[in-house]
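# Tertiary structure, described
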Amino acid sequence: MSWRKNQIISHRYDQYPGNKTKIAAKKKTWDSKTNEIKALKSTIKKHYSIVQNDTCAYCRTPVRFDGYGEAIEHIVVKSEKFRWMFHPYNLCISCYGCNTKKGIENTLINVPTSYANGYNDIPLNSNSYRIIHPHFDTYSKYIQETKLLCIPKTTSIKGPETIRICKLNRLDLIYTRARQKSYSKRTLQKILVRVVGDTSFRKEERESAQKMVDTIIDRYNYIKQLP
Ligand SMILES: [Zn+2]
C-alpha cells in the first residue's frame, strides 16, 4: 500500500517522544561525522519513511524500505538556508531521482535575500513555497496522472513547478508508472504515441512521451540484433 496522493505528512520527527531531545543537535552541520548527527539522521530517515509509507514526497512512487540508500530531502536546500537543515518542517523522504533532479533549485516564492535566516524564520505555510510542500499541501489537488504523465491540475504554480523542478515526467518515472499498472511495453508505447499526437498535452509532456517512445523503439532494435 502506498502513501496516497491526498495525504500530507501527518507527524514531524520531533513529535515522536524519543526524538525530542535529539533536536538539540540542530546547530551542527549536516555532514558532521559525530555519532550524535549520524543518529539524528537515521532517526529522521526512519521517521519520514514510516509516515510517508516508503513513498517519495514528490513523485509518489515507492522508495526502498526504510529509505535505505534514498535521500533525506531538504525542501529548501541546505545551501540556501543552512539553519533549516534539521527543521522538522523542512525534511521529508524523496527518491534518489527526485532528490538529484531537484538539486539546488530555489523552492521559496521569494528568492531568499538572507542566507543566514534563523531556525525560526522558516515559513510554515503553503503559500511561501513554489512547489507542493509535503507538510502543507495536498498533492492530488495540484497534480494528476494522465496517460502516465504528471499534469498540473489548477492554475497554481505549484503543479507546474513541482513537475519542472523534480522532472516528474522523466523516463524512469513514466516506466515506473507503467509497471505499477502492469502495462506491457507495447501498451506503454501505444499510450505514449497517442500523447505525442494529442495537442491538449503541453509541449514538454509530448516531448517526454516522444522520448520514451524513442527509447522503447531503440530497445526493440537492440534486442533484434542480439544473436
Ligand atoms: Zn521521487
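Use the structure listed above.
Structural notes, computed from the coordinates.

Reading the values: rules and limits
Residues numbered from 1 in each chain as written. Predicted model: local features only at pLDDT ≥ 70, side-chain atom pairs only at ≥ 80, totals over all residues. Heavy atoms only, no water. Axes fitted to C-alpha atoms, helices over the stretch in contact; angles between N-to-C directions. Helix = DSSP H or I, 4+ residues; strand = E, 2+ residues; numbered from the N terminus. Parallel < 35°, antiparallel > 145°, perpendicular 65-115°, else oblique. Left-handed = near helix turned anticlockwise from the far one by under 90°. Contact = heavy atoms within 4.5 Å. Nonpolar A, V, L, I, M, F, W, Y, C, P; charged D, E, K, R; others polar. Core = buried A, V, L, I, M, F, W, Y, C linked by side-chain atoms within 4.5 Å. Buried < 20%, exposed > 50% of the residue type's maximum accessible area, 1.4 Å probe, protein only.

## Side note on the packing of helix 5 (residues 171-180) against helix 6 (residues 185-196)
One can describe the packing of helix 5 onto helix 6 by two numbers: an axis separation of 10 Å at closest approach and a directional angle of 120°. Taken together, helix 5 and helix 6 sit at an angle that is classed as oblique. The handedness of the crossing between helix 5 and helix 6 is right-handed. In this structure, helix 5 contributes Ile174, Tyr175 and Ala178 to the contact, and helix 6 contributes Lys185, Leu188 and Leu192. A breakdown of the residues in the contact of helix 5 with helix 6 according to their chemical character gives five nonpolar, no polar and one charged.

## Side note on the nonpolar core
The nonpolar side chains of soluble globular proteins are, as a tendency, buried together. Core analysis: the biggest nonpolar cluster contains 34 residues, and Ile44, Tyr48, Tyr58, Phe86, Cys98, Ile143 and Leu168 have the highest contact counts within it. Secondary-structure elements contributing two or more residues to this core are helix 1 (35-51), strand 2 (91-94), helix 3 (139-142) and helix 4 (158-166). The element contributing the most residues to this core is helix 1, with five residues. If near-sequence neighbours (up to four positions away) are discounted, Ile44 is found in contact with Tyr13, Trp30, Ile72, Phe86 and Leu91. Ranked by size, the runner-up nonpolar core spans 14 residues in total, among them Ile151, Ala178, Ala209 and Met212.

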